[in-house]
Amino acid sequence: MFIKKSLILSLALFFVLALTFSAAAEELVLWHTSFTSEWSGLDETVEFFESNTDLDVSTDYGPPLYRDISQQLIVQARTGNPDVVEGVLEQMFTYAIVDEGMPLHDFLEDYEDKDQYLDNVMEAVTIDGEIYAIPYNTNVRLLLYRKSIFEEHGLEVPTNWDELVETATYISENIDGMDGFMFTTKEREVRAFQEFMSFYLQLNKSMFDFSGENVELTATVEQLEEVLSLYDRMFASGAISMNNRGADWKALDYGYTSGNQAMVTVGPWIWSHRYEDEARAEVIDDTGIAAIPVNKNGTAGTYMEVKPIMINKHTEDPEKAWELAKEVTSKDFQLLVNSSAGVLSPRKDVMAEPEMAENWWLQGFSNFADTGVALDPISWERPQNAIISAIQEVIYDEGSPAEIAEELYQELNSIASNL
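Residues numbered from 1 in each chain as written. Predicted model: local features only at pLDDT ≥ 70, side-chain atom pairs only at ≥ 80, totals over all residues. Heavy atoms only, no water.

**Observations regarding the packing of helix α2 (residues 42-52) against helix α14 (residues 331-341)**
The relative placement of two packed helices is expressed as an angle between their axes plus a distance between the axes. This is how the line gets drawn: Lines fitted to the C-alpha atoms define the axes, with helices restricted to the stretch that makes contact. Angles between their N-to-C directions range from 0 to 180 degrees. A helix here means a DSSP run of H or I that spans at least four residues, while a strand means a run of E at least two residues long, and both kinds are numbered starting from the N terminus. In this scheme, roughly parallel covers angles under 35 degrees and roughly antiparallel covers those over 145, while 65 to 115 is roughly perpendicular and the rest are oblique. Contacts: residue pairs with any heavy atoms within 4.5 Å of one another. Under the scheme applied here, ten amino acids are nonpolar (Ala, Val, Leu, Ile, Met, Phe, Trp, Tyr, Cys and Pro), four are charged (Asp, Glu, Lys and Arg), and all others, including Gly, are polar.
Viewed as axis vectors pointing N to C, α2 and α14 meet at an angle of 175 degrees, and their least axial separation amounts to 10 Å. Compared by their axis directions, α2 and α14 come out roughly antiparallel. Between α2, through Glu44, Thr45, Phe48 and Phe49, and α14, the contact on the second element is made entirely by Asp332, Phe333, Leu336, Val337 and Ser340. When the residues that make up the contact of α2 with α14 are grouped by side-chain class, the tally is five nonpolar, two polar and two charged.

**Notes on the sheet that holds strand β10 (residues 287-290)**
Let me state the cut-off plainly: Between any two strands, pairing holds if DSSP finds at least two bridges.
Read from one edge of the open sheet, three strands run β9-β6-β10, paired in antiparallel fashion. Strands at the two margins of the open sheet, each flanked by one partner only, are β9 (263-266) and β10. Within this sheet the neighbouring strands show an average axis-to-axis angle of 30 degrees, counted without direction. Pairing between strand β6 (residues 142-146) and β9: four bridges, direction antiparallel. Note that in β9 the partner of Leu143 across the bridge is Thr265.

**Some thoughts on the pattern of salt bridges**
Keep this limit in mind: Each reported salt bridge corresponds to a side-chain nitrogen of Lys or Arg within 4 Å of a carboxyl oxygen of Asp or Glu. Relative accessible area decides the class of each residue, using a 1.4 Å probe on protein chains only: under 20% of the type maximum gives buried, over 50% gives exposed, and in between gives partly exposed.
This model, assessed by the stated rule, comprises 16 salt bridges. Measuring nitrogen to oxygen at the nearest pair gives 3.1 Å for the salt bridge that ties Lys296 to Asp162. With Lys296 in the loop between β10 and β11 (302-311) and Asp162 in helix α8 (residues 161-174), this residue pair connects regions lying 134 residues apart in the sequence. The exposure class assigned to Asp162 is partly exposed, which follows from its relative accessible area of 26%. Notably, a salt bridge pairs Lys326 with Glu323, separated by 3.4 Å at the nearest N-O pair.

**Concerning the side chain of Thr185**
With respect to the element layout, Thr185 can be found in the loop between α8 and α9 (190-200). In this structure, Thr185 is in contact with Ala192, Tyr231, Phe235, Asn244, Arg245, Gly246, Ala247, Ile391, Gln392 and Ile395, ignoring residues within four places of it in sequence.

**Observations concerning the environment of Trp322**
By the element assignment, Trp322 lies in helix α13 (residues 318-327). As for Trp322 and Leu42, which are separated by 280 residues in sequence, their C-alpha atoms are 23 Å apart. Apart from the residues lying within four places of it in its own chain, the contact partners of Trp322 are Leu104, Phe107, Leu108, Tyr111, Ile134 and Ile311.

**Observations regarding the environment of Gly301**
Structurally, Gly301 can be placed in the loop between β10 and β11. For the pair Gly301 and Leu201, spaced 100 residues apart in sequence, the C-alpha separation works out to 5.5 Å.

**Re helix α4 (residues 89-97)**
Each turn of an α-helix holds 3.6 residues, which means side chains three or four residues apart point in the same direction. Of all nine residues in α4, eight are buried, a share of seventy percent or more. Taken as a whole, α4 has its buried residues at Leu89, Glu90, Gln91, Met92, Phe93, Thr94, Tyr95 and Ala96. Directly beyond the C-terminal end of α4, a positive phi value near 65 degrees is found at Asp99.

**Brief notes about the packing of helix α11 (residues 249-257) against helix α12 (residues 278-285)**
One can describe the packing of α11 onto α12 by two numbers: an axis separation of 8 Å at closest approach and a directional angle of 85 degrees. By the angle between their directions, the pair α11 and α12 is classed as roughly perpendicular. Contacts from Tyr254, Tyr256 and Thr257 in α11 reach Ala279, Arg280, Val283 and Ile284 in α12.

**Here we look at the side chain of Thr94**
Within the element layout of this structure, Thr94 appears in helix α4. Excluding residues that lie within four positions of it along the chain, Thr94 makes contacts with Ile74, Ser379, Trp380 and Glu381.

**Things to note about the confidence of the model for the protein chain**
Detailed reading of the predicted coordinates is not advisable wherever pLDDT is low. The cut-off we apply is this: One confidence number per residue, pLDDT, is output by the predictor and ranges from 0 to 100.
For the protein chain, mean pLDDT is 91; residues scoring 70 or higher make up 94% of the total. Taken as a whole, residues 1-24 scores under 50 in pLDDT and shows zero contacts with residues more than four places along the chain or in a different chain.

**A short note on the packing of aromatic side chains**
Stated formally: Note on aromatic contacts: the rings of Phe and Tyr and the six-membered ring of Trp form a pair at centre separations within 6.5 Å, being stacked when their planes are under 30 degrees apart, edge-to-face when over 60 apart, and tilted otherwise.
Considering all chains together, one arrives at 20 aromatic pairs under this definition. Between Tyr111 and Tyr117, the aromatic rings sit 6.5 Å apart at their centres with planes inclined by 35 degrees, giving tilted as the arrangement. The buried category is assigned to Tyr117, whose relative accessible area is 3%. With a centroid separation of 5.5 Å and an interplanar angle of 45 degrees, the aromatic rings of Trp361 and Phe365 are classed as tilted. Of the two residues, Trp361 and Phe365 both sit in helix α17 (residues 360-366), four residues apart, roughly one turn of that helix. On the basis of relative accessibility, which here comes to 0%, the residue Trp361 falls in the buried class. Taken together, Trp161, Phe181, Phe183, Phe196, Phe199 and Tyr231 form an aromatic cluster joined through their ring pairs.

**Focus on the nonpolar core**
Put simply, the test is: Side-chain atoms within 4.5 Å are what join buried Ala, Val, Leu, Ile, Met, Phe, Trp, Tyr and Cys residues into a set we call a nonpolar core.
Of all hydrophobic cores here, the largest spans 135 residues; its most connected members are Phe196, Met197, Met207 and Met234. No other element matches helix α10 (residues 221-236), which puts eight residues into this core.

**Let's talk about the pairing of strand β5 (residues 134-140)**
When you tally the buried positions in β5, you get seven out of seven residues, the bulk of the element. Pairing of β5 with β11, which is carried by six bridges, proceeds in the antiparallel orientation. Bridge pairing in β11 places Pro135 opposite Pro308.

In structure tokens:
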């Protein structure tokens, strides 16, 4: 009798676990940094999404940092988890190349909102004629500066790299408690790579040629040296404090809105800091927006950021994953997130809304949108790490910019031959 009861209980437990596992398997998983990163719109974003979706979505929204998302996704994507993931453009290239990103052609044929998207942004998420993501914001890096500081000291907004070094150095030397400038230089920090590219793209609008059978490096040693020399000069002159070597994105964003720097090259997202406290709002209102200073032998160009929403190719339910992707790129969702963060939307209908069209901050960034350059559609993980390592070597004086540029060139050339 005892054996029969044990068998019945075991079978009952087995069926309960089977049903629980089945239900869990049907739950969609979304990884999205707007649902996990520390920012003023976090709670409102999560509440809006959870109140408006009819889909069964896990409330574990993944890692808050892009570098962690990338590493974890590469390892576990083939399990089908997550179903939908948000990221940066260079990650989308990697996912597509390693066959973990889903081409969206079949879904887009009947997508009622596809004509709302700007052509150049959709081109950025296209690889070999296949669209791999729906973008939910787009931005360019520009120079932000403290208007009151410049007015008080009779300074002109720098227009070239020499002027940037000179102006930033003057501010560091003459204004207590304020650095003239700031770079993100932390290892594995995606922003460090993006800032480097914002200056490099003035010298060369691509880094790799992928038009032939093999990928070829188009960057030159001289171009890499020029950008690395700028980093060297900024730290050596005192324009950036040596104490800020290895700074991450938080140190830059929150440092600027705390009044610690007079200039930074950044995107429009720090608008959201104004909602955190009155002092940060005053800094934002005292901010001027200008093009990044252009090297004397360069042309206007800056890193164009596109935040894509991608579907895991191994999702168990592509149709529901597509519905989820549409929800987090919808007009209402983009309007909420992008207006709160102060960033541009790739949707024309969102940018036509008063919250966007009448916002002086967004219009300031829109004025320079045509200088944005999308990255080459290759896997950027290894080039990105090589560039950040080179930056580290320069700022910690492990070699001259010329020597490190030569080493970086050789490494990038080797990487190109294996892409």
